[in-house]
Amino acid sequence: MERPTMTALLKAEEETTRNQLRADDAVDRSRKQSADRLNEQLGQMLLRYNAAWSGDGRRQALADSMTAVVQDMLPLLTAGTAVKEIPKRKVRTGGVVLLLFAVIFALLCVILVRQYYPVGCAFLALAAVCGFLAGLLWHGECEVLVHAGLDPEIVWKTLLKTVETMDRKTESFLQDEAAAAAADIVSPAGAGITDPEALQFFGDLLEGLYSGNGDFALRQLRKLQPWLASKGIETRDYAPDTAEMFDLLPTRSTPATLRPALLTEGKLLTTGKATEREK
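Residues numbered from 1 in each chain as written. Predicted model: local features only at pLDDT ≥ 70, side-chain atom pairs only at ≥ 80, totals over all residues. Heavy atoms only, no water.

Draft legend 1. Broad picture of the overall build of the chain. Within the chain, the secondary structure is distributed over ten helices and six strands. Partitioning the contacts of the chain with sequence separation of at least 6, the portion at a separation of at least 24 is 66%. Put simply, the chain shows about 19300 Å² of open surface, and 60% of that area lies on carbon and sulfur atoms. (Helix = DSSP H or I, 4+ residues; strand = E, 2+ residues; numbered from the N terminus. Contact = heavy atoms within 4.5 Å. Areas by Shrake-Rupley, 256 points an atom, 1.4 Å probe, with all protein chains shown as cover.)

Draft legend 2. Layout of unusual backbone geometry. One non-glycine residue, arginine 29, adopts positive backbone phi at about 50°. Structurally, the position occupied by arginine 29 is in the loop between α2 (14–28) and α3 (31–52). Since its relative accessible area comes to 56%, arginine 29 is described here as exposed. One non-glycine residue, glutamate 265, adopts positive backbone phi at about 55°. Relative to the assigned elements, glutamate 265 resides in the loop between β4 (261–264) and β5 (267–270). Relative accessible area serves as the criterion here: at 84%, glutamate 265 is assigned to the exposed category. (Buried < 20%, exposed > 50% of the residue type's maximum accessible area, 1.4 Å probe, protein only.)

Draft legend 3. Representation of the layout of surface pockets. Put simply, the largest pocket is a space of about 280 Å³. Listed by contribution, the elements that provide at least two residues to the lining of the largest pocket are α4 (57–73) and α7 (152–186). At five residues, the largest contribution of residues to the lining of the largest pocket is made by α7. Of the residues assigned to the lining of the largest pocket, the class counts are eleven nonpolar, two polar and no charged. (1 Å grid on protein atoms, 1.4 Å probe; cavity = no way out; pocket = protein on both sides within 12 Å on 5 of 7 lines; lining within 4 Å. Points joined across faces, edges and corners; volume = space filled by probe spheres on them. Nonpolar A, V, L, I, M, F, W, Y, C, P; charged D, E, K, R; others polar.)

Draft legend 4. Broad picture of the confidence of the model for the chain. Looking at the chain as a whole, its pLDDT mean stands at 81, while 85% of the residues score no less than 70. Element-level pLDDT for the chain is lowest in helix α8 (residues 196–211), with a mean of 75, against a maximum mean of 92 in helix α1 (residues 6–11). (pLDDT = per-residue confidence, 0-100.)

Draft legend 5. Broad picture of the packing of α2 against α3. Their axes nearest at 10 Å, the elements α2 and α3 cross at an angle of 160°. Accordingly, the angle class assigned to the pair α2 and α3 is roughly antiparallel. In this structure, α2 crosses over α3, and the sense of that crossing is right-handed. Seen from α2, the contacting residues are Thr17, Gln20, Leu21, Asp24 and Asp28; seen from α3, they are Gln33, Ser34, Arg37, Leu38 and Gln41. Within the contact of α2 with α3, the residues separate by chemical class into two nonpolar, five polar and three charged. (Axes fitted to C-alpha atoms, helices over the stretch in contact; angles between N-to-C directions. Parallel < 35°, antiparallel > 145°, perpendicular 65-115°, else oblique. Left-handed = near helix turned anticlockwise from the far one by under 90°.)

Draft legend 6. Structural context of a nonpolar patch on the surface. Side chains of Val97, Phe101, Ile104, Leu108 and Ile111 sit close together on the surface and give an oily, nonpolar patch of about 420 Å² of accessible area. If you trace the backbone, isoleucine 104 turns up in helix α5 (residues 93–112). Residue classification places isoleucine 104 among the partly exposed positions, given a relative accessible area of 44%. (Patch = residues over 30% accessible without salt bridge, like charges linked within 9 Å, V, L, I, M, F, W, Y side chains within 5 Å. Salt bridge = Lys/Arg side-chain N within 4 Å of Asp/Glu carboxyl O.)

Draft legend 7. Here's a closer look at the sheet that holds strand β3 (residues 256–259). If you trace the three strands from one edge of the open sheet to the other, you get β2-β6-β3, paired in mixed fashion. Of all the strands in the sheet, just β2 (246–251) and β3 have a single pairing partner and so form its edges. Each neighbouring strand pair of the sheet contributes to a mean axis angle of 30°, computed without reference to strand direction. The sheet contact formed by β2 and strand β6 (residues 272–277) spans six bridges and is parallel. Bridging from a neighbouring strand, leucine 248 pairs with alanine 274 of β6. (Pairing = 2+ DSSP bridges.)

Draft legend 8. Fine view of the side chain of glutamine 41. With respect to the helices, strands and loops of the structure, glutamine 41 is situated in helix α3. Ignoring any residue separated from it by four or fewer positions in sequence, one finds glutamine 41 in contact with Leu10, Glu13 and Thr17.

Draft legend 9. Looking closely at the nonpolar core. Counting 20 residues, the largest nonpolar core has Leu10 and Met45 as the members making the most contacts within it. Elements with a minimum of two residues in this core: α1, α3, α4 and α7. The leading source of residues in this core is α7, at six residues. Every residue in contact with methionine 45, bar those within four places of it in the chain, is listed here: Met6, Leu9, Leu10 and Val163. Judged by nonpolar contacts, the second largest core, of eight residues, contains Ala102, Phe105, Cys109 and Ala127. (Core = buried A, V, L, I, M, F, W, Y, C linked by side-chain atoms within 4.5 Å.)

Draft legend 10. Fine view of the packing of aromatic side chains. Scanning the model with the defined rule gives two aromatic pairs in all. Considering the side-chain rings of tyrosine 238 and phenylalanine 246, the 5.6 Å spacing of their centres and the 85° angle between planes classify their relative orientation as edge-to-face. On the basis of relative accessible area, phenylalanine 246 is assigned to the buried category, the value being 6%. Over the aromatic face of tryptophan 53 sits the side chain of arginine 59, whose NZ or CZ is 3.9 Å from the ring centroid. (Phe/Tyr/Trp six-rings, centres within 6.5 Å; stacked < 30°, edge-to-face > 60°. Lys NZ or Arg CZ within 6 Å of the ring centre and 35° of its normal.)

Shown next, in the form of structure tokens:
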């Protein structure tokens, strides 16, 4: 069964996530709720991802590291502010015209009220109505409430792109690491041996082999223990207190070490071989 990616896990919850983001913006009007919801969803995705990739510690560590960074960045969704603005409006032409009519009707009222009282009262009423309407149309200050919300579509697309990047970077890192490991495996044998002393020692041993000169080869082999000591490898001969380090062979003669045990920092590397008198 193919194991899922973080992108696949997110897309499986696409419809639910989008609906929840829309509800947070249109109904609850809470950006913090959206940030908390996405933080929880990323945590659940990480748990499912790690469960699917159990046994792959490097992949799990990468997913955990990148998810933690994204979760820590989510509070930026609440970083904006909502400010009440009080903008100034321009004087409306209708307000000026009605104000002029109010003045004209008031003057006519003053002129006609003594001789034609009802007509003067009518003009006075018209002046009052025009003055009232002019006041309504006149410029003023209007308080505007600003709601700072989140665009659910932009949030979703950004989250999806982020998770896709996490998957891509994870695969790229693991592929590069695997390629480097493969290069180490197929590198030429002995490519890591650059110590001139070691190269000279091996060369002398090969010279004894090719020349068939046993005495020369034995003289070179006497250099082996000092060379191993320089590399931090200790040789241990057989003794009753070191018997657990050796494979023992029965003998009727004096016990002897056939092959010393090799140790480093007190840790046994290879067992030795020795003979032990039969009981």
